[in-house]
Amino acid sequence: MVSKTIQYTTVVFISTVAISSLAYVAWWDYKRRNDPSFRKKIRKEHKKIHKHAKAAEERAKQQRTEDLKESLEKIKAEPVPPTAEEREQYFMQHVGVGEQLSVQGPAFHVPAALSFYRALRVYPSPVELIMIYQKTVPEPIFKIVMDLTSMDTKERAEGYYHYFPPPNMNVEVKQILVAAESEEQTRKIVLIARKDFRYGENIYQEHPVVAQLDMDLEGTSKYCSHCFRDISSSLSTIRPDDLLGSTYCSNECQMLASMQSQNLLFGCGPPVPNNVVVGQKERTEEAEIERRASQEAFVNFLKASNWTQVLLVARFCARHVSEEAKKLAPLHTPLLERARLPEPAAGSPQYSFFDHIERLKYLKVEPIDMVMLEHHLLKDVLSKAVDGLEELVDLEMYLVMKGKMAYNAIGVASAGGRNKRPGAKGRIETWEWTRTPYGTNRQIGSALYRVSSYLSHSCSPSVRPSFPTGTNELHLVATRAISKGEELTMAYTNTHGDGDDSIEEAYRKRRVRLARGWKIACECESCTGKKAEIPSATMVPEAKAEEPI
Ligand SMILES: *[C@@H]1O[C@H](CO)[C@@H](O)[C@H](O)[C@H]1NC(C)=O
Ligand SMILES: [Zn+2]
Ligand SMILES: [Zn+2]
């Protein structure tokens, strides 16, 4: 999936930078195709390479790998120009140098490739550029560029857990091998305590990546649509005029929501800040009407279905866009600083939003009609906001992202949550489940968290999510003493049953919920103890969630 993810970054920001450089590359391609002397030169170099003796080639290859690694380190230590204009200059400069070097013979292949690689680093749409390189850069040089790319990607991918979660969160992600029933060892990703914790101690807290109130509460002025704070008795709620009818507890929440996703999905402001896309085309009135229509269709669907997972995916895509925009034109507002998510530890490579969910488990979502419809509506909203943005979610990607929300979203309920959440309707296969140890019927909304997504389920868990600030900021609390190195687990569902359910009834109910919601056949201590006592006819079939990659 790594290569896939790269594809989905920042396709949007093919602004002045990209457009002018695309023209440049296209010109270069044209020149190569049409200028006989240019072509002859390239052919000559191909021949020269083939004259090299095989053995020498082998030795050279090994040495080259070492050298490339070293050069890659150097390039990565170089600062990236901060503004869009400077990046454009940097890009043009290095493509120019690469082009000059690439016609000076094999001795210059590596330096040429390094220049192309530098240009690639700042290009908003790397995959597209790689495709352009493939067509335009002489093959041996192109191969070196690809070697550099795969070295870099591998390191980013493998180094991820070295930097994330950051040490101050007191937990780490570990891959452990577990002996499955078939005696075959399987890999399991778990969250481990970095130190001892007392009963009731707070282990860490984190803000959601994306959050969504339940649809029956959205637009009712009972809770803030951004932070989920109870505003039912507040006199100063903010109610901007957007199509979803969202309400906020403060200007701050409204601003954050707008910047992160609300404006792109349901608003009518510029979809991407003007300072990011330099010389952004003036949007026509007609385009705005179409954008509005696509948003209305989406909102109608949401209100009719009460589904929120599609909205979590939608907000995720929108927030990804806004984070990428921030990288291109950093807005240092204190507001954004406060809403920060746990950043990987210092010195880490720059990870995008997609990097962060790439490693999360997901459920396999079937493309039934309703799912196809919501996907279509979401794509429409994205493409009507910014041309090409719908590329973020082709159907395959959408199904995976929805599956990630389905598997990892946590139900939010502060102060005990609510009492009369309307039950899900329709076919049970279409019900949306969230991780809620206190019972889904108490939640007011759902949210995706970066670190807490790694908690696995147990019916006798060591931690529980808690929302003591009255918002969707999750605090992870130890439900018993935990020692350093221990795996942390939470209950994905209410494990005690409802009301005066017997132990057997509670057991049966949670097995069904775990199987339906997460495809889990729990093997925790309290379940394996129980398993022996219950006739096997009531057992649910074993099934498993998809492991990433
Ligand atoms: C959606 O929620 C509203 C408000 O609670 C309810 O009236 C409606 O029946 C629900 N629709 C579905 C399909 O669940
Ligand atoms: Zn708020
Ligand atoms: Zn269990």
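Quick caveat: nothing in here was measured; it's all calculated off a predicted structure.

**Quick look at the confidence of the model for the chain**
Then, in step 1: In this model, the chain carries an average pLDDT of 80, and 78% of its residues clear a pLDDT of 70 or more.
Then, in step 2: pLDDT under 50 marks residues 1–32. Its contacts with residues more than four places away, or in other chains, come to 79 contacts.
Then, in step 3: Here residues 534–543 scores under 50 on pLDDT; set against residues more than four positions off or in separate chains, the count is twelve contacts.

**Quick look at the coordination of the zinc ion (ligand 3)**
Then, in step 1: Looking at the metal site, the zinc ion (ligand 3) is ligated by C459 (SG), C522 (SG), C524 (SG) and C527 (SG), spaced 2.2 to 2.3 Å from it.
Then, in step 2: For the zinc ion (ligand 3), the four donor atoms in the first shell make angles of 101 to 117° at the metal, a pattern classed as tetrahedral.
Then, in step 3: For the zinc ion (ligand 3), the donor residues sit on a single chain with the sequence spacing C-x62-C-x1-C-x2-C. The burial state of C524 is the same as that of C527; both residues are buried.

**Describing the sheet that holds strand β4 (residues 210–213)**
Then, in step 1: An order of β4-β6-β5 is seen for the three strands of this open sheet, with the pairing classed as antiparallel. Each having just a single partner strand, β4 and β5 (410–412) make up the two edges of the open sheet. Adjacent strand axes in the sheet meet at a mean angle of 25°, parallel and antiparallel pairs treated alike.
Then, in step 2: Direction of pairing for β5 relative to strand β6 (residues 445–448): antiparallel, over a ladder of three bridges.

**Examining the site of ligand 1**
Then, in step 1: Ligand 1 sits among D216, A304, N306, P422 and K425.
Then, in step 2: Here an oxygen atom of ligand 1 sits 2.4 Å away from a polar atom, N or O, in the side chain of N306.
Then, in step 3: Measuring from an oxygen atom of ligand 1, one finds a side-chain N or O atom of K425 at 2.4 Å.
Then, in step 4: Here ligand 1, which alone exposes 360 Å², has 53% of that area covered by the protein.
Then, in step 5: Taken together, the residues that form the shell around ligand 1 break down as two nonpolar, one polar and two charged.

**A word on the coordination of the zinc ion (ligand 2)**
Then, in step 1: Here the zinc ion (ligand 2) is held by the protein donor atoms C224 (SG), C227 (SG), C249 (SG) and C253 (SG), which lie 2.3 Å from it.
Then, in step 2: For the zinc ion (ligand 2), the four donor atoms in the first shell make angles of 105 to 115° at the metal, so the coordination geometry reads as tetrahedral.
Then, in step 3: Read N to C, the donor residues that coordinate the zinc ion (ligand 2) are spaced as C-x2-C-x21-C-x3-C. Within this pair, whereas C227 is found in the loop between β4 and α9 (251–266), its partner C249 is found in the loop between β4 and α9, the two being separated by 22 residues in sequence.
Then, in step 4: Relative accessible area serves as the criterion here: at 7%, C227 is assigned to the buried category.
Then, in step 5: Using a relative accessible area of 17% as the deciding quantity, one classes C249 as buried.

**Looking at the pairing of β4**
Then, in step 1: Side chains V210 and Q212 project from β4 onto one buried face, and the interleaved A211 and L213 project onto a second face that is buried too.
Then, in step 2: Bridge analysis of β4 against β6 gives four bridges, and the strand direction is antiparallel. When the bridges of β6 are listed, L213 appears paired with G445.

**A few points about the packing of aromatic side chains**
Then, in step 1: One pass over the full model with this rule turns up ten aromatic pairs.
Then, in step 2: Between the aromatic rings of F266 and F298, the centroid separation amounts to 6.0 Å while the plane-to-plane angle is 10°, which identifies the pairing as stacked. One end of the pair, F266, is in helix α9; the other, F298, is in helix α10 (residues 285–305), with 32 residues separating them in the sequence.
Then, in step 3: Judged by its relative accessible area of 0%, F266 is buried.
Then, in step 4: Seen in terms of ring centroids, W431 and W433 are 6.1 Å apart; in terms of plane orientation they differ by 40°. Their pairing is tilted.
Then, in step 5: Aromatic rings pair up to connect Y407, W431, W433, Y492 and W518 into one cluster.
Then, in step 6: Just above the ring of Y160 sits the side chain of R359; from NZ or CZ to the centre is 3.9 Å.

**Comments concerning unusual backbone geometry**
Then, in step 1: With an omega dihedral of -5°, the bond running from F164 to P165 counts as a cis peptide bond.
Then, in step 2: With respect to the helices, strands and loops of the structure, P165 is situated in the loop between α8 (139–163) and β1 (171–179).
Then, in step 3: For N306, which is not a glycine, the phi torsion comes out positive at approximately 60°.
Then, in step 4: Tracing the chain through its elements places N306 in the loop between α10 and α11 (309–328).

**Observations concerning the sheet that holds strand β8 (residues 463–466)**
Backbone-to-backbone hydrogen bonds join strands into a sheet, with any given pair of strands oriented parallel or antiparallel.
Then, in step 1: The strand order across the open sheet formed by three strands is β3-β9-β8, and the pairing between neighbours is antiparallel. Each having just a single partner strand, β3 (202–206) and β8 make up the two edges of the open sheet. Neighbour-to-neighbour, the strand axes of the sheet open up by a mean angle of 20°, direction not taken into account.

**What to know about the pattern of salt bridges**
Then, in step 1: Inspection of the entire model under this criterion finds 14 salt bridges.
Then, in step 2: Across the pair R418 and D214 runs a salt bridge whose closest N-O atoms are separated by 2.9 Å. Taken together, the residues R418 in the loop between β5 and β6 and D214 in the loop between β4 and α9 connect sequence positions 204 residues apart.
Then, in step 3: R418 sits in the buried class, given a relative accessible area of 11%.
Then, in step 4: Where R508 meets E505, a salt bridge forms, and the shortest distance between an N and an O atom there is 3.2 Å. Taken as a pair, R508 and E505 lie in helix α16 (residues 503–518) at a separation of three residues, close to a single helical turn.
Then, in step 5: Given the relative accessible area of 26%, E505 is considered partly exposed.
Then, in step 6: In this structure, a network of salt bridges that share partners links the residues D214, D216, R418 and R421.

**Thoughts on the nonpolar core**
Then, in step 1: Among the nonpolar cores identified, the biggest contains 90 residues, and I203, Y204 and L488 are the most heavily contacted of them.
Then, in step 2: In this view, Y204 contacts M169, V171, L191, V451, S452, L455, L474, H475 and L476; residues no more than four positions away in its chain are not counted.
Then, in step 3: Membership of the second largest hydrophobic core comes to 27 residues, among which are V95, Y123, I132 and F142.

**A closer look at the packing of helix α14 (residues 369–385) against helix α15 (residues 395–408)**
Axis angle and axis distance: for two packed helices, these are the angle between their axes and the distance between the axes, and together they describe the pair.
Then, in step 1: Taken N-terminus to C-terminus, the directions of α14 and α15 make an angle of 110°; their axes are 11 Å apart at the nearest point. As far as their axial angle goes, α15 and α14 are roughly perpendicular. Here V371, M372, E374, H375 and L378 of α14 lie close against α15, whose contacting residues are L395, Y398, L399 and K402.
Then, in step 2: Tallied by class, the residues present in the contact of α14 with α15 amount to six nonpolar, one polar and two charged.

**Brief notes about helix α6 (residues 109–122)**
Residues lying three or four places apart along an α-helix face the same way, a consequence of the helix completing one turn every 3.6 residues.
Then, in step 1: In a regular helix each residue adds 1.5 Å, so 14 residues correspond to 20 Å; α6 covers 21 Å between its end C-alpha atoms and thus fits that length.
Then, in step 2: Counted residue by residue, α6 has eleven buried out of 14 residues, so it is predominantly covered.
Then, in step 3: Those residues of α6 that sit buried are H109, A112, A113, L114, S115, F116, Y117, R118, A119, L120 and V122.

Definitions and limits used
Residue positions are given per chain, counted from 1 along the sequence in the order it is written. Chains and ligands are labelled sequentially in the order written, the chains with letters from A and the ligands with numbers from 1. For this predicted model, a pLDDT threshold of at least 70 governs which residues receive local features, and a threshold of 80 or more governs which side-chain atom pairs are given and counted, while totals over whole chains, interfaces and linings are taken from all residues. With hydrogens and water excluded, all non-hydrogen atoms of the structure serve as input to the side-chain values. Values of pLDDT, the confidence the predictor places in each residue, fall between 0 and 100. It only takes one pair of heavy atoms within 4.5 Å for two residues to be counted as in contact. Donor atoms: N, O and S within 2.8 Å of the metal, or within 3.2 Å for Na, K and Ca. Because water is excluded, sites can look incomplete. Metal sites are grouped by the angles between bound donors: all angles between 85 and 135 degrees with four donors is tetrahedral, opposite donors over 155 degrees apart with the others between 65 and 115 is square planar for four donors and octahedral for six, and any other pattern is irregular. Each residue's exposure class comes from its accessible area (1.4 Å probe, protein chains only) as a fraction of the maximum for that residue type: buried when under 20%, exposed when over 50%, partly exposed otherwise. Note on pairing: two strands pair once DSSP finds at least 2 bridges between them. Numbering of helices and strands starts at the N terminus; helices are DSSP runs of H or I of at least 4 residues and strands are runs of E of at least 2. In this description, a line fitted to the C-alpha atoms serves as the axis of each element, helices being fitted only across the stretch in contact, and the angle between N-to-C directions of two axes falls anywhere from 0 to 180 degrees. A cutoff of 4 Å decides nearness: a residue is near a molecule or strand if any of its heavy atoms lies inside that distance of it. N or O atoms closer than or at 3.5 Å make up a polar contact, with two conditions inside protein: a donor-capable atom paired with an acceptor-capable one, and, for residues adjacent in sequence, both atoms drawn from side chains. To be clear on the numbers: accessible area is Shrake-Rupley with a 1.4 Å probe, and residue cover counts the displayed protein chains and nothing else. Residue polarity is assigned by list, with Asp, Glu, Lys and Arg as charged and Ala, Val, Leu, Ile, Met, Phe, Trp, Tyr, Cys and Pro as nonpolar; anything else, Gly included, falls into the polar class. Aromatic contacts are taken between Phe, Tyr and Trp rings whose centres are within 6.5 Å, Trp giving its six-membered ring; a plane angle under 30 degrees counts as stacked, one over 60 as edge-to-face, and the others as tilted. Should the NZ of a Lys or the CZ of an Arg lie within 6 Å of a ring centre and within 35 degrees of the ring normal, that charge is described as sitting over the ring. By convention in these notes, a salt bridge is any Lys or Arg side-chain nitrogen within 4 Å of a carboxyl oxygen on Asp or Glu. Residues enter a nonpolar core if they are buried and are Ala, Val, Leu, Ile, Met, Phe, Trp, Tyr or Cys, with the set joined through side-chain atoms within 4.5 Å. Note that the term roughly parallel is reserved for angles under 35 degrees, roughly antiparallel for angles over 145, roughly perpendicular for angles of 65 to 115, and oblique for everything else. Here the expected length of a helix is defined as 1.5 Å per residue gap, with one fewer gap than residues.

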